[in-house]
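Structural features, examined
What follows is each chain in one-letter form.
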Amino acid sequence: MLRVRLPDCVGLGRDKYWSLGIPATPEGIARATKIVAAINHDITFEEFDPTLQKYNPIYRREQYRKQIERTVGLKTPLKELWARYCEFRRPKLKDSSYYFLTTTIGYNLRELKEQNIYNAEKVAKELIESTTAKHAYRVVSRMAPMYDWAIKQGILAEGINPYRQLAKDLKESAELEESNESRPLTEEEVAYVLAKIAPTYTNLCRFNLLVGCRPSEAIGLTWNDVKTDHLILGRSFVRKGSVVFQSETSKTNKRRIFPLYEELSTFLNSLEHKSELVLPNQSGNHIGYDNYCKAWRNLQLVGTTPYCCRDTFITNQIAKGVPTAVVAQWVGNSVHIIEKHYLKIGLKVLPF
C-alpha cells in the first residue's frame, strides 16, 4: 500500500507519513502522483489542508459514506447525528465555533428526551421548556443545515426540512425576547464599576467604555495594533477554563480600524508596557475571561455583564449624533443591529 511522506514545513511533525490506502500498482501510483501534485500545489500557494481531508482518494470518501450508511440510520439518536455533523464541519470552523457547536449546542441536544430527528415539533417544544426562546432559536436554526446534510449523506429520506420553518417561527419569539437586550450603564453605574471592580480589570473596563469593542478583542490587543492615529481591532483571545480560543480576526472574520482620539490616546499613554499586550493581567499574560466575568458578577449589578461597557459606548455615540453606519464600522456590527438595539430617543451622553 502506498504512503506519502509529508515535508516538515507543513507543521505536522518530522518524518510524517500518511497512508493513502492505495495499492502499489501502476494505476495506484498514477493516482498517488496526482494526490502528491495537489499537496505540493497547496503548499506552494499556502492553501495546504492540515487535516488532509482535501486530498483523500475518492474511493476512500466513498468507503466513509458507506460506513456512515451502515452505522447511522433513521433510529440513530439525534445527539449522535449532531456529533457526526460537527465532525463533518470541523475543518472549516474556528476553534471557538466548533467548541460552541459541540459543547453548548451539543449539551442541549444530549439532554433532550426526544431523540428522533423527525419529531421536530417535540424537539422544539422541549428546547423552549428547558431554555429561553432566544437559545431555542439558536439550537433549531443550526439543526436545519444538519438536517439538509443528513439528506445529502443518504442518512435521511428526501423531504421537507421541518426545522427551517420552526426556526422562522422561533425567531419571532427570540426577537421579542431580545427587544431590550442592550443594557448601557448609567453614569452612576460606570463610576461604581471603575471604583469597585478588582484592580486587574479596571483598565479593561475603561478601555471597553472608550472603544466599545468586544471584551475578547480588548484582551487580545497588542501594542503592535496601536498605531499613530488609529487602532487595529479584531484580534481576540478567550480562555475558558483550560480551553483557549485565539483568533486573528473578529467574530465577523474581519479586522477594523478605530480612530485614536484624544481621550483614548491619553488613556493608552498612561499604561505601562508590561508585555506585548496592551491590557495584561498582573503577571503580564492574557486576562482570563472567566475570571473577568466572575469579578463582574461580584459587583452585584443586576442585569449587567461585561458587554454592558460595549453597550454603553455604542449608545453614547448615537446620543452624540455619530451616524449609525460609522458606529457599526467602529464596533464590528451591522447597521441593522445598531438601529434595532441601540437607536433610542432621549439618550444621555455620558462624560467619557
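Since this is a predicted model, take the numbers as computed values, not measurements.

Turning next to the overall build of the chain. When helices and strands are tallied, the chain shows 15 helices and six strands. Across the 352 residues of the chain, 43% fall into the buried class. Sequence separation of 24 or more characterises 59% of the internal contacts of the chain that already satisfy a separation of 6 or more. Of the accessible surface of the chain, which amounts to about 19900 Å², a share of 51% is contributed by carbon and sulfur atoms.

Attention now moves to the pattern of salt bridges. All told, the structure shown has six salt bridges when counted by the stated rule. Note that Arg 255 is salt-bridged to Asp 225, the shortest N-O span being 3.1 Å. Of this pair, Arg 255 sits in the loop between β5 (243-247) and β6 (256-259) while Asp 225 sits in the loop between α10 (215-220) and β3 (230-233), and the two are 30 residues apart along the sequence. Taking the relative accessible area as the measure of exposure, Arg 255 reaches 34% and is therefore partly exposed. Asp 225 sits in the buried class, given a relative accessible area of 2%. Among the ionic contacts, a cluster of salt bridges with common partners joins Arg 214, Glu 217 and Arg 256.

Turning next to the environment of Pro 280. With respect to the helices and strands, Pro 280 occurs in the loop between α11 (262-269) and α12 (289-297). Taking the C-alpha atoms as reference points, Pro 280 and Thr 222, separated by 58 residues in sequence, lie 9.4 Å from one another. The contacts of Pro 280, once residues within four sequence positions are left out, are Lys 274, Ser 275, Asn 285 and Ile 287.

Taken over all residues, the pLDDT of the chain has a mean of 84, while the share at 70 or more is 87%. Ranking the helices and strands of the chain by mean pLDDT puts helix α9 (residues 202-211) first, with 96, and helix α2 (residues 58-71) last, with 53.

For an α-helix, 3.6 residues make a turn, and residues three or four places apart therefore share a direction. Between the first and last C-alpha of helix α13 (residues 308-319) there are 16 Å, a value that for twelve residues agrees with the 16 Å anticipated at 1.5 Å per step. Within α13, the full set of buried residues consists of Cys 308, Cys 309, Arg 310, Asp 311, Thr 312, Phe 313, Ile 314, Thr 315, Asn 316, Gln 317 and Ile 318. Contact partners of the buried residues in α13: α9, β6, α12, α14 (324-331) and α15 (335-341). Downstream of α13 by a residue or two, Gly 321 has a phi angle that is positive, lying close to 95°.

Criteria and thresholds
Residues numbered from 1 in each chain as written. Predicted model: local features only at pLDDT ≥ 70, side-chain atom pairs only at ≥ 80, totals over all residues. Heavy atoms only, no water. Helix = DSSP H or I, 4+ residues; strand = E, 2+ residues; numbered from the N terminus. Buried < 20%, exposed > 50% of the residue type's maximum accessible area, 1.4 Å probe, protein only. Contact = heavy atoms within 4.5 Å. Areas by Shrake-Rupley, 256 points an atom, 1.4 Å probe, with all protein chains shown as cover. Salt bridge = Lys/Arg side-chain N within 4 Å of Asp/Glu carboxyl O. pLDDT = per-residue confidence, 0-100. Expected span 1.5 Å × (residues − 1).

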